[in-house]
Amino acid sequence: MSETRGRGRDETQEERADRQWSELLQELRVAQTGVQILFGFLLAVVFQSRFEELGDVDRDIYVVTVMLGSATAAALIGPVSYHRLLTGRRMKPQTVMWASRMTVLGLGLLFCTMCSTLLLILRVALHNQLALWLVGAMALWFLACWFLFPLWAIAKGRSGPREDAGGDGGDGGDTSDPARGAA
């Protein structure tokens, strides 16, 4: 007999946790690669000859950006540590939940890192207030793509009638997802 709850896939709690862990790993691979490239770029900046020409404000922005990049890398690599340290302890659903939380935190930090990086680059490139406006516009775009559009899809999915066109559309309305319970 299956241990399913809610609607959607016919899978046990352990099968669900395994699937969710695999999906989370795929998401992390994309995010980690981008963060590692960005962080490598940030680390190299300090060794460029033009770095000495930066004013105090731009140096402060650089330091904040490097610290944000470090925190982002830690949060997005953290789920690997969770998995490694908890493997074999029959805690996969909890591991998925906490790794998911850490990933969402990492995405928030990545948002801050991207905005800070853009601010530094555009201040150096433009030397005027336009840099702030451009960063603000891009910050809104990041927020929309990463958070608002998914939240809108969730709200729309909850408010409208559910019409299933034959498939389960991904998670099939699985309300027992520990990663979603993390939010």
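Relevant structure appears above.
Residues numbered from 1 in each chain as written. Predicted model: local features only at pLDDT ≥ 70, side-chain atom pairs only at ≥ 80, totals over all residues. Heavy atoms only, no water.

> Explain the overall build of the chain here, please?
Each helix and strand counted, the chain has 5 helices and 0 strands in total. The order of helices and strands in the chain, counted from the N terminus, is α-α-α-α-α. Among the 183 residues that make up the chain, the fraction classed as buried is 32%. Within the chain, contacts between residues at least 6 apart in sequence are counted, and of these 72% link residues at least 24 apart. By element, 64% of the accessible surface of the chain is carried by carbon and sulfur atoms, the whole surface being about 11800 Å². (Helix = DSSP H or I, 4+ residues; strand = E, 2+ residues; numbered from the N terminus. Buried < 20%, exposed > 50% of the residue type's maximum accessible area, 1.4 Å probe, protein only. Contact = heavy atoms within 4.5 Å. Areas by Shrake-Rupley, 256 points an atom, 1.4 Å probe, with all protein chains shown as cover.)

> Help me understand the pattern of salt bridges in this model?
Oppositely charged side chains can form a pair if their charged atoms are brought close together. Counting across every chain of the model gives 7 salt bridges. Here Arg-19 ties to Glu-23 by a salt bridge, and the two come within 3.3 Å at their closest N and O atoms. In this pair, Arg-19 and Glu-23 are both assigned in helix α1 (residues 13-45), 4 residues apart and thus about one turn of the helix distant. The class of Arg-19 is buried, set by a relative accessible area of 15%. (Salt bridge = Lys/Arg side-chain N within 4 Å of Asp/Glu carboxyl O.)

> Looking at this structure, I do not really get the nonpolar core. What am I missing?
Within soluble globular proteins, side chains that are nonpolar generally end up buried alongside one another. The biggest cluster of nonpolar side chains holds 17 residues, and the ones touching the most others in it are Phe-51, Tyr-62, Phe-111, Cys-115 and Val-135. Elements represented by at least two residues in this core include exactly α1, α2 (56-86), α3 (92-126) and α4 (130-159). Those residues in contact with Phe-51 that sit more than four places away from it in its chain are Val-45, Val-46, Arg-59 and Tyr-62. (Core = buried A, V, L, I, M, F, W, Y, C linked by side-chain atoms within 4.5 Å.)

> Looking at this structure, how should I read a nonpolar patch on the surface?
Together, Met-138, Leu-140, Trp-141, Leu-143, Leu-148, Phe-149, Leu-151 and Ile-154 make up an exposed nonpolar region whose accessible area comes to about 780 Å². Residue placement: Leu-143 occurs in helix α4. (Patch = residues over 30% accessible without salt bridge, like charges linked within 9 Å, V, L, I, M, F, W, Y side chains within 5 Å.)

> What exactly am I supposed to notice about α3 here?
Spacing of three or four residues puts side chains on the same side of an α-helix, whose turn is 3.6 residues. For α3, with 35 residues, the first-to-last C-alpha span of 49 Å sits near the 51 Å given by 1.5 Å per residue. Of the residues flanking the end of α3, it is His-127, one or two places downstream, whose phi is positive at about 55°. (Expected span 1.5 Å × (residues − 1).)

> For this particular structure, what's the right way to read the packing of α2 against α3?
Axis angle and axis distance: for two packed helices, these are the angle between their axes and the distance between the axes, and together they describe the pair. The N-to-C vectors of α2 and α3 enclose an angle of 160°; their axes lie 8 Å apart at closest approach. Viewed along their axes, α2 and α3 adopt a mutual orientation that is roughly antiparallel. Both α2 and α3 take part in a crossing whose hand is left-handed. In the contact of α2 with α3, the residues fall into 22 nonpolar, 11 polar and 3 charged. (Axes fitted to C-alpha atoms, helices over the stretch in contact; angles between N-to-C directions. Parallel < 35°, antiparallel > 145°, perpendicular 65-115°, else oblique. Left-handed = near helix turned anticlockwise from the far one by under 90°. Nonpolar A, V, L, I, M, F, W, Y, C, P; charged D, E, K, R; others polar.)

> Even after reading the chapter, I still don't get the packing of aromatic side chains, so can you show me in this structure?
Both the distance between ring centres and the angle between the ring planes are used here to describe each pair of aromatic rings. Taken as a whole and assessed by the stated rule, the structure comprises 4 aromatic pairs. With a centroid separation of 5.1 Å and 70° between ring planes, the pair formed by Phe-51 and Tyr-62 is classed as edge-to-face. Here Phe-51 is found in the loop between α1 and α2, whereas its partner Tyr-62 is found in helix α2, with 11 residues between them in sequence. An identical accessibility class is assigned to Phe-51 and Tyr-62; each is buried. With a centroid separation of 6.5 Å and an interplanar angle of 85°, the aromatic rings of Phe-111 and Phe-142 are classed as edge-to-face. Taken together, the residues span a long stretch of sequence, with Phe-111 in helix α3 and Phe-142 in helix α4 at a distance of 31 residues. (Phe/Tyr/Trp six-rings, centres within 6.5 Å; stacked < 30°, edge-to-face > 60°.)

Functional significance is not addressed by these values, which are geometric in nature.
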